[in-house]
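Here are the chains, one letter per residue:
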Amino acid sequence: MAGLKRVRWEAPEAERKYSRRAAWAWKENATGVKVTMEKEAKIYVAGHRGMVGSAICRALEKNGYTNIVTRTHGELNLCRQEEVEAFFRCEKPDYVFLAAAKVGGIMANSEALADFMYDNMILEMNVIHSAWQNGCKKLLFLGSSCIYPRMAPQPMKESCLLTSELEKTNEAYALAKISGLKYCEFLNRQYGTDYISVMPTNLYGPNDNYHPSHSHVLPALIRRFHEAKESGAEEVVCWGTGSPLREFLYVDDLADACIFLMNTYSGNETVNLGTGKELTIRELAELVAKVVGYTGKVSWDSSKPDGTPRKLLDVSKLEGLGFRYTTELEEGLRLTYQDFLNNPMRAER
């Protein structure tokens, strides 16, 4: 058309730079070359003070990785886009483990729906997007088994994601986690990145949160039975009926699995991380009481919610890739209770 000048569009520099680098990485993966994290590579662990992030740091150090980058919340607020962008421009990590999240049990999730959705979604998008903008070679995003439908076929396969309704008691958190998982997938599909996601089952272990109302079921039980033992209480009342079935994975096993997958797995589909074993909440309470040494009565308040009736992950994909957990539940509980006893400040938060 007369009078119009044709203008050649060019992608922003970050996109052009990353597209070239990502295309090379995709070619390496497509040829079957095993891409592993170099021991001297710069590795950023987001959420290093939490249970999962601290376990990943321990596992990295145990495996000889020497250049681990961390920031406290006071040093870097992951919900502030400008701060996250400045951090990634400065540090330019080669690999990222995104373990930071706002987490809590049934009560916390039900009381702060908007906060759980907003904080987690903003945090995830800031970190994943800045990692992509600054040429991060590989990123691992940690989700949660709560993303699967409430009435998903058991055990739950990775393919059942988004096939039916979510559990209402943690829907806000689940939607945020699904968004992070999908953003990794869409970056892979559009730009050829190598960003993977994992879906852990219920986790426990050192550095857990033992808050009396804002923690998950297992650390909450540890604290409750410990305090009952110390005070000489004759009875401990637990929420719900005790009938729901749950699976638990020791956090150091999770960390080993994350490093294993960063070195061996690429793909858009998430990977379930669990044990493939389950027990009722009632059986869990009895086991925690045994480990803690509480000998009083355990009763159940059925007026309180149970949550999802059953949550067991199908871990055949993980085991097919060559990884299996090593810490059985009672052994892990004893290690966790020792951590609780040895860290009084942690037990108070």
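For the structure, check the block above.
Thresholds, definitions, all that
Residues numbered from 1 in each chain as written. Predicted model: local features only at pLDDT ≥ 70, side-chain atom pairs only at ≥ 80, totals over all residues. Heavy atoms only, no water. Helix = DSSP H or I, 4+ residues; strand = E, 2+ residues; numbered from the N terminus. Buried < 20%, exposed > 50% of the residue type's maximum accessible area, 1.4 Å probe, protein only. Contact = heavy atoms within 4.5 Å. Areas by Shrake-Rupley, 256 points an atom, 1.4 Å probe, with all protein chains shown as cover. Pairing = 2+ DSSP bridges. Axes fitted to C-alpha atoms, helices over the stretch in contact; angles between N-to-C directions. Polar contact = N/O pair within 3.5 Å; in protein donor to acceptor, adjacent residues only side chain to side chain. Phe/Tyr/Trp six-rings, centres within 6.5 Å; stacked < 30°, edge-to-face > 60°. Expected span 1.5 Å × (residues − 1). Core = buried A, V, L, I, M, F, W, Y, C linked by side-chain atoms within 4.5 Å.

Caption draft 1: Representation of the overall build of the protein chain in the model. Across its full length, the protein chain carries 12 helices and 13 strands. Relative to its full complement of 349 residues, the protein chain shows a buried share of 51%. At a minimum sequence separation of 6, the contacts of the protein chain that also span at least 24 residues come to 82%. Approximately 16,500 Å² of the protein chain is accessible, and the part contributed by carbon and sulfur atoms is 52%.

Caption draft 2: Representation of the sheet that holds strand 10 (residues 271-273). In space, the 6 strands of this open sheet follow the order 2-1-3-4-5-10, with parallel pairing throughout. A single partner strand is all that each edge strand has here, and the edge strands are strand 2 (68-69) and strand 10. Of the strand pairs in this sheet, strand 1 (residues 43-46) and strand 3 (residues 95-98) are connected by 4 bridges, and their pairing is parallel. Each bridged residue has a counterpart across the sheet, and for tyrosine 44 the counterpart in strand 3 is valine 96. Packing of helix 5 (residues 113-133) onto the sheet brings it into contact with strand 3, strand 4 (138-142) and strand 5 (195-200), and relative to strand 3 it is tilted by some 170°. Helix 6 (residues 171-191) contacts strand 4 and strand 5 of the sheet and is inclined by roughly 160° relative to strand 4.

Caption draft 3: Examining the side chain of histidine 48 more closely. Along the chain, the position of histidine 48 falls in the loop between strand 1 and helix 2 (51-62). Relative accessible area serves as the criterion here: at 17%, histidine 48 is assigned to the buried category. A polar atom in the side chain of histidine 48 sits 3.4 Å from the backbone oxygen of arginine 71. Excluding anything up to four places from it in sequence, histidine 48 contacts Gly53, Ser54, Cys57, Thr70, Arg71 and Thr72.

Caption draft 4: Molecular detail of the environment of isoleucine 196. By the secondary structure assignment, isoleucine 196 is in strand 5. A relative accessible area of 1% places isoleucine 196 in the buried class. With 74 residues separating them along the chain, isoleucine 196 and threonine 270 place their C-alpha atoms 6.8 Å apart. Contacts of isoleucine 196, omitting those with residues within four sequence positions, involve Lys138, Leu139, Leu140, Phe141, Leu261, Met262, Tyr265, Ser266 and Gly267.

Caption draft 5: Just the packing of aromatic side chains, in detail. Counted under the stated rule, the structure contains 10 aromatic pairs. Taking 5.8 Å as the distance between ring centres and 85° as the angle between the ring planes, the aromatic pair formed by tyrosine 44 and phenylalanine 88 counts as edge-to-face. Here the residue tyrosine 44 occupies a position in strand 1, and phenylalanine 88 occupies one in helix 3 (residues 81-91), the gap between them amounting to 44 residues. Summarising the burial analysis for this pair, tyrosine 44 and phenylalanine 88 share the class buried. Centroid distance phenylalanine 116 to tyrosine 173: 6.4 Å. Interplanar angle 80°. Geometry classified as edge-to-face. With a gap of 57 residues between them, phenylalanine 116 in helix 5 and tyrosine 173 in helix 6 connect regions that are remote in the sequence. Exposure remark for phenylalanine 116: the relative accessible area of 3% places this residue in the buried category. Here the aromatic residues Tyr44, Phe87 and Phe88 are joined through ring pairs into a cluster of three or more.

Caption draft 6: Structural detail: the sheet that holds strand 11 (residues 279-280). Ordered by their spatial adjacency, 3 strands build an open sheet running 11-8-13, and the pairing between neighbours is mixed. The strands lining the two open edges of the sheet, one partner per strand, are strand 11 and strand 13 (310-311). Judged from the 2 bridges that link them, strand 8 (residues 245-246) and strand 13 form a sheet pairing that is parallel. Looking across to strand 13, one finds that arginine 246 is bridged to lysine 311.

Caption draft 7: Geometry of the environment of asparagine 188. Its location among the elements puts asparagine 188 in helix 6. With 79 residues separating them in the primary sequence, asparagine 188 and glycine 267 have C-alpha atoms 8.5 Å apart. When sequence neighbours within four positions are dropped, the list of residues in contact with asparagine 188 reads Thr193, Asp194, Tyr195, Gly267 and Asn268.

Caption draft 8: Up close: helix 9 (residues 281-292). Spanning 12 residues, helix 9 covers 16 Å between terminal C-alpha atoms, matching the ideal 16 Å at 1.5 Å per step. In this fold, the buried residues of helix 9 make contact with helix 7 (217-231), strand 8, strand 9 (248-250), strand 11, strand 12 (297-301) and helix 11 (329-342). The positive-phi residue at the C-terminal boundary of helix 9 is glycine 293, with phi of around 95°.

Caption draft 9: A look at helix 7. For helix 7, spanning 15 residues, the distance from its first C-alpha to its last is 21 Å, which sits close to the expected 21 Å at 1.5 Å a residue. The first or second residue beyond helix 7 is glycine 232, which carries a positive phi of 75°.

Caption draft 10: Geometry of the nonpolar core. Counting residues in hydrophobic clusters, the biggest one holds 41 residues, and the most contacted among them are Tyr44, Leu78, Ile128, Leu139 and Tyr195. Those elements giving two or more residues to this core turn out to be strand 1, helix 3, strand 3, helix 5, strand 4, helix 6 and strand 5. With 35 residues, the next largest nonpolar core counts Ala41, Met51, Ala99 and Ile196 among its residues.

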